[in-house]
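Spelled out, the chains give:
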Amino acid sequence: MPEGDTVFRAATNLATALDGEMLVKTDFRVPQLAITDLSGRRIESVRSRGKHLLMDLGDHVVHSHLKMEGSWHLYPPGGTWKRPAHQARVVLHTADRVAVGFSLGVLEVWTAEEATTALDYLGPDLLGPDWDAERATRAVASDPDRGVAMALLDQRNLAGVGNVYAHELCFIVGLHPEAPVSVVPDVARLVDKAARLLKANSLRAMRCTTGDLRSGRELWVYGRSGRPCRRCGTRLLKGEIGEDPLMMRVSFWCPRCQPAPD
Ligand SMILES: [Zn+2]
């Protein structure tokens, strides 16, 4: 599941290959952009902001969000794609590279003016140059009754934490995912831990929160329901959290290390 570190890495890879290159052909395969043609423009930069990927083209910005299944791949011209062509939402050609965005959850082309305000609602980006731990801490702490996992997932508080990190962080600090923010002993420390986890994972292909990079040992609780807690051996539980019944998220925790709130 893409989180801030995945998007950061995707942006870094695309930037290495594409920054400064001219688009010689563009092929948008979503209905609302079917007639969009951005060929002739130079890619000034590719960057991430939270879980959003932005490609600056001077007068326009291509905005994409990976959501659940999305990914960006780079190929040489004529190279064989690793995902089916029908999943391609956009194909961008430079002289010697082809960038393909597969199954993107969001794909938009903004004018440069639209782009300046479109992501203003996002909180400080955990992996961005604007990272501001104090602001993120204040935002998380501002709603003390809210469940801690949901507070971490709210991209208006801090941008980049997805469901995996939210649950791993809850385990690390010994809190049930639905425990209210008011019981977090030190919100600043939790926010700092989030920043350090994402940063440590931002440049490697795997996501590890335990410090043990061996296969199958990377995570504390996420995706491990029914298996023993790595700290106490209790069987991990799985449930759902969310404030909107249509937007529930899967949840994992250890009933002993992370007792349910009263
Ligand atoms: Zn435990």
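What you are looking at is a predicted structure, and each value in this text was computed from that prediction instead of being measured. (Residues numbered from 1 in each chain as written. Predicted model: local features only at pLDDT ≥ 70, side-chain atom pairs only at ≥ 80, totals over all residues. Heavy atoms only, no water.)

Draft legend 1. Structural context of the overall build of the protein chain. Of the regular secondary structure elements, the protein chain holds six helices and ten strands. In summary, the protein chain has a C-alpha radius of gyration of 20 Å against a globular reference of 18 Å for 262 residues, a match within 12%. A principal-axis box enclosing the C-alpha atoms of the protein chain has dimensions of 60 × 35 × 30 Å. In the protein chain, which comprises 262 residues, the proportion classed as buried is 50%. A total of about 12,600 Å² of accessible surface is found on the protein chain, and carbon and sulfur atoms cover 51% of it. (Helix = DSSP H or I, 4+ residues; strand = E, 2+ residues; numbered from the N terminus. Rg over C-alpha atoms; globule rule 2.2 N^0.38 Å. Buried < 20%, exposed > 50% of the residue type's maximum accessible area, 1.4 Å probe, protein only. Areas by Shrake-Rupley, 256 points an atom, 1.4 Å probe, with all protein chains shown as cover.)

Draft legend 2. The arrangement of the packing of helix 5 (residues 163-172) against helix 6 (residues 187-201) in detail. Helix 6 packs onto helix 5 with a crossing angle of 125° between their chain directions and a minimal axis gap of 11 Å. Between helix 5 and helix 6, the angle falls in the class oblique. Helix 6 is crossed by helix 5, and the crossing has right-handed handedness. Packed against helix 5, whose contacting residues are Y165, L169 and I172, the element helix 6 presents L190, K193, A194, L197, L198 and N201 at the interface. The residue inventory of the contact of helix 5 with helix 6, partitioned by class, reads seven nonpolar, one polar and one charged. (Axes fitted to C-alpha atoms, helices over the stretch in contact; angles between N-to-C directions. Parallel < 35°, antiparallel > 145°, perpendicular 65-115°, else oblique. Left-handed = near helix turned anticlockwise from the far one by under 90°. Contact = heavy atoms within 4.5 Å. Nonpolar A, V, L, I, M, F, W, Y, C, P; charged D, E, K, R; others polar.)

Draft legend 3. Highlighting the sheet that holds strand 3 (residues 52-56). The antiparallel open sheet is built from four strands, whose spatial order is 2-3-4-8. Only two strands of the sheet have a single neighbouring strand rather than two, namely strand 2 (45-49) and strand 8 (106-111). The mean inter-strand angle of the sheet, taken between neighbouring strand axes irrespective of direction, is 20°. In this sheet, strand 3 lies alongside strand 2 in antiparallel orientation, the contact comprising five bridges. By the bridge assignment, R49 is partnered in strand 3 with H52. (Pairing = 2+ DSSP bridges.)

Draft legend 4. Geometry of the pairing of strand 5 (residues 71-75). Of all five residues in strand 5, four are buried, a share of seventy percent or more. Inspection of the sheet shows strand 5 paired to strand 7 (residues 98-102) by five bridges, in the antiparallel sense. Pairing of Y75 across the sheet is with V98, part of strand 7.

Draft legend 5. Up close: helix 1 (residues 4-18). Here helix 1 spans 20 Å end to end across 15 residues, near enough to the 21 Å set by a 1.5 Å rise per residue. For helix 1, every residue scored as buried is listed here: G4, D5, V7, R9, A10, A11, L14, A15, A17 and L18. Summarising the contacts, the buried residues of helix 1 are in contact with strand 2, strand 3, strand 5, strand 7, helix 5 and helix 6. Following helix 1 by one or two positions, G20 adopts a phi angle in the positive range, close to 85°. (Expected span 1.5 Å × (residues − 1).)

Draft legend 6. View of the pattern of salt bridges. Under the defined criterion, the tally for this structure stands at ten salt bridges. A salt bridge links D59 to R41, with the shortest nitrogen-to-oxygen separation between them at 2.9 Å. Pair noted here: D59 is in the loop between strand 3 and strand 4 (60-65) and R41 is in the loop between strand 1 (25-28) and strand 2, with a separation of 18 residues, a long-range link. Residue classification places D59 among the partly exposed residues on the basis of a relative accessible area of 39%. Between D154 and R156 there is a salt bridge, with the nearest N and O atoms lying 2.8 Å from each other. (Salt bridge = Lys/Arg side-chain N within 4 Å of Asp/Glu carboxyl O.)

Draft legend 7. Spotlight on the coordination of the zinc ion. Taken together, the protein donors to the zinc ion comprise C229 (SG), C232 (SG), C254 (SG) and C257 (SG), at separations of 2.2 to 2.4 Å. Around the zinc ion sit four donor atoms, and with donor-metal-donor angles ranging over 101 to 114° the site reads as tetrahedral. All donors of the zinc ion belong to a single chain; written as a sequence motif, their spacing is C-x2-C-x21-C-x2-C. With C229 in the loop between helix 6 and strand 9 (237-241) and C254 in the segment after strand 10 (249-253), this pair connects stretches of sequence that are 25 residues apart. (Donors = N, O, S within 2.8 Å, 3.2 Å for Na, K, Ca; no water. Tetrahedral: all angles 85-135°; square planar, octahedral: opposite > 155°, others 65-115°.)

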